[in-house]
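Coordinate inspection notes
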Amino acid sequence: MSRFFSVRHNNLKAYTPGEQPKDMKYIKLNTNESPFPPPASVAEAAADQARLAELYSDPECTLLREKMSEVYGVPAENIVMGNGSDEILALIFSAFGDENSPFVFPDITYSFYKVFADLYHVPYTEIPLDDSLMVHTEDYENIGKNIVIANPNAPTGQALSAEDIERIVCSNRNNIVVIDEAYVDFGAVSSVTLTQKYDNLIVCGTFSKSRSMAGARLGFAIADRDIIKDLNTMRYSTNPYNVNRMTMAAGIAALSERDYFLKNCRDITETRKYTEEHLLRLGFSVLPSRANFLFIKSDKIGGKRLYEKLKEAGILVRHFDSERIKEYIRVTIGTRDQMKIFLDETEKILGEES
């Protein structure tokens, strides 16, 4: 750390991205990317706009928001686009959080929430998941603070019902409730329609997972138009051209490929079920997932040990050091062939350990 680094950030613990190794070719089941490429129309649309890369992109993302409006059934004025949903979350913490407006979120969830709170000096409380590693709805009712909940949650994959979300939102009408739906397309129920009923609800989403665009960096928020105005104030104060013209065109094309999108989501959920069934036969505990990953543990091998042995075998998964979940690993759902290799190697490792 240099002597110029602000003293305000001396204790900041930055977000740790999943491994992107370059030492060998791995089966990557560690960062919840889609195993499928985007359709050809997405790459073609991006390439077409690359010819105009000397020009700034539209800061209002007009055509993209109009397409979003068509797909999600909300007015375009209720949508803001971001450089990935991480930028959207950063805008939310900076716009609505301060010493008088603290946030709450689960103790086991997307670790960037804590990073953003620390970065913007926003007080926060972590609410423990229950013994089944599930968000306990009653913990968030009438809490009187801003709330962030990933639904489905990461890294557990478990999801609340739309009714549970509505109970939380309507009992905290004087506070912002953020529902992070990065994984909602793999079997959970979206809360987007509730944004037309409640002016304190923000639903965030991303093109990184179900729409196969992790490398393009495109996210969004849907909320009451006054909240969107607030987020745009922050956006225009930091990075008004936050979505480049290639990504914008790719996003429009991706939204137009409904059949391809639905087939990929269906294939992933079917492969998730196939993988879960095999893991259960191997004696694993598997949390019920509505995401494109599984959160698993075995009493035959520790989480860190299994992560290390799989990495030796050329398979990357995600392990977390947090005390409550250190015996688990998170496994992204890849193609059926990739998951068969993962299962075969896992069975082999368990045999060696016993």
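Our subject is the structure listed above.
The rules behind these values
Residues numbered from 1 in each chain as written. Predicted model: local features only at pLDDT ≥ 70, side-chain atom pairs only at ≥ 80, totals over all residues. Heavy atoms only, no water. Helix = DSSP H or I, 4+ residues; strand = E, 2+ residues; numbered from the N terminus. Rg over C-alpha atoms; globule rule 2.2 N^0.38 Å. Buried < 20%, exposed > 50% of the residue type's maximum accessible area, 1.4 Å probe, protein only. Contact = heavy atoms within 4.5 Å. Areas by Shrake-Rupley, 256 points an atom, 1.4 Å probe, with all protein chains shown as cover. Lys, Arg positive; Asp, Glu negative; His and termini not counted. Charge placed at Lys NZ, Arg CZ, Asp CG, Glu CD. Axes fitted to C-alpha atoms, helices over the stretch in contact; angles between N-to-C directions. Parallel < 35°, antiparallel > 145°, perpendicular 65-115°, else oblique. Left-handed = near helix turned anticlockwise from the far one by under 90°. Nonpolar A, V, L, I, M, F, W, Y, C, P; charged D, E, K, R; others polar. Core = buried A, V, L, I, M, F, W, Y, C linked by side-chain atoms within 4.5 Å. Pairing = 2+ DSSP bridges.

1. Let's talk about the overall build of the protein chain
Secondary structure summary: the protein chain contains 10 helices and 13 strands in total. Here the C-alpha atoms of the protein chain give a radius of gyration of 20 Å, agreeing with the 20 Å that 2.2 N^0.38 yields for 354 residues. Counting only C-alpha atoms and orienting by the principal axes, one finds that the protein chain spans roughly 60 × 50 × 50 Å. The proportion of buried residues among the 354 residues of the protein chain is 51%. In the protein chain, of all internal contacts separated by at least 6 residues, the share reaching a separation of at least 24 is 73%. Surface exposure of the protein chain reaches about 16,500 Å², of which carbon and sulfur atoms provide 49%. Positive and negative side-chain charges of the protein chain, numbering 41 and 51 respectively, have mean locations separated by a distance of 3 Å.

2. As for the packing of helix H8 (residues 258-281) against helix H10 (residues 336-353)
In the contact formed by H8 and H10, the axes pass within 10 Å of each other and the chain directions differ by 15 degrees. In terms of their interaxial angle, H8 and H10 are classed as roughly parallel. Judged by the sense of rotation from one axis to the other, the crossing of H8 with H10 is right-handed. On H10, the residues that touch Glu270, Thr271, Tyr274, Thr275, His278 and Leu279 of H8 are Arg336, Met339, Lys340, Phe342 and Leu343. Looking at the contact of H8 with H10 residue by residue, the classes come out as 5 nonpolar, 3 polar and 3 charged.

3. What to know about the environment of leucine 306
Inspection of the secondary structure puts leucine 306 in helix H9 (residues 303-312). You can call leucine 306 buried: its relative accessible area is 3%. Sequence separation of leucine 306 and histidine 319 is 13 residues, and the distance between their C-alpha atoms is 9.0 Å. Setting aside chain neighbours within four positions, we find leucine 306 in contact with Phe284, Ile301, Ile329 and Ile349.

4. Describing the nonpolar core
Counting 47 residues, the largest nonpolar core has Met81 and Phe207 as the members making the most contacts within it. The element contributing the most residues to this core is helix H7 (residues 245-255), with 6 residues. Not counting the four nearest positions on each side in its chain, methionine 81 is found in contact with Cys61, Leu64, Arg65, Met68, Ile88, Phe207, Leu218, Gly219, Phe220, Arg235, Asn242 and Val243. With 32 residues, the next largest nonpolar core counts Ala182, Ile268, Phe284 and Leu350 among its residues.

5. Re the sheet that holds strand S10 (residues 293-297)
Taken together, 4 strands build an open sheet; the order of strands is S9-S10-S13-S12 and the sheet is antiparallel. Unpaired on one side and paired on the other, strand S9 (285-286) and strand S12 (318-319) mark the two borders of the sheet. Here S9 pairs with S10 via 2 bridges, running antiparallel. Note on S10: the bridge partner recorded for serine 285 is lysine 297. Those strands touched by H9 are S12 and strand S13 (328-332), and its axis lies near 40 degrees from that of S13.

6. Regarding the packing of helix H2 (residues 62-72) against H7
Axis separation between H2 and H7 bottoms out at 9 Å; the angle between their running directions is 20 degrees. By the criterion of interaxial angle, the relationship of H2 to H7 is roughly parallel. Crossing of H2 against H7: the hand is left-handed. Residue-level contacts link Leu63, Leu64, Lys67, Met68, Val71 and Tyr72 of H2 to Met248, Gly251, Ile252 and Leu255 of H7. The residue inventory of the contact of H2 with H7, partitioned by class, reads 8 nonpolar, 1 polar and 1 charged.

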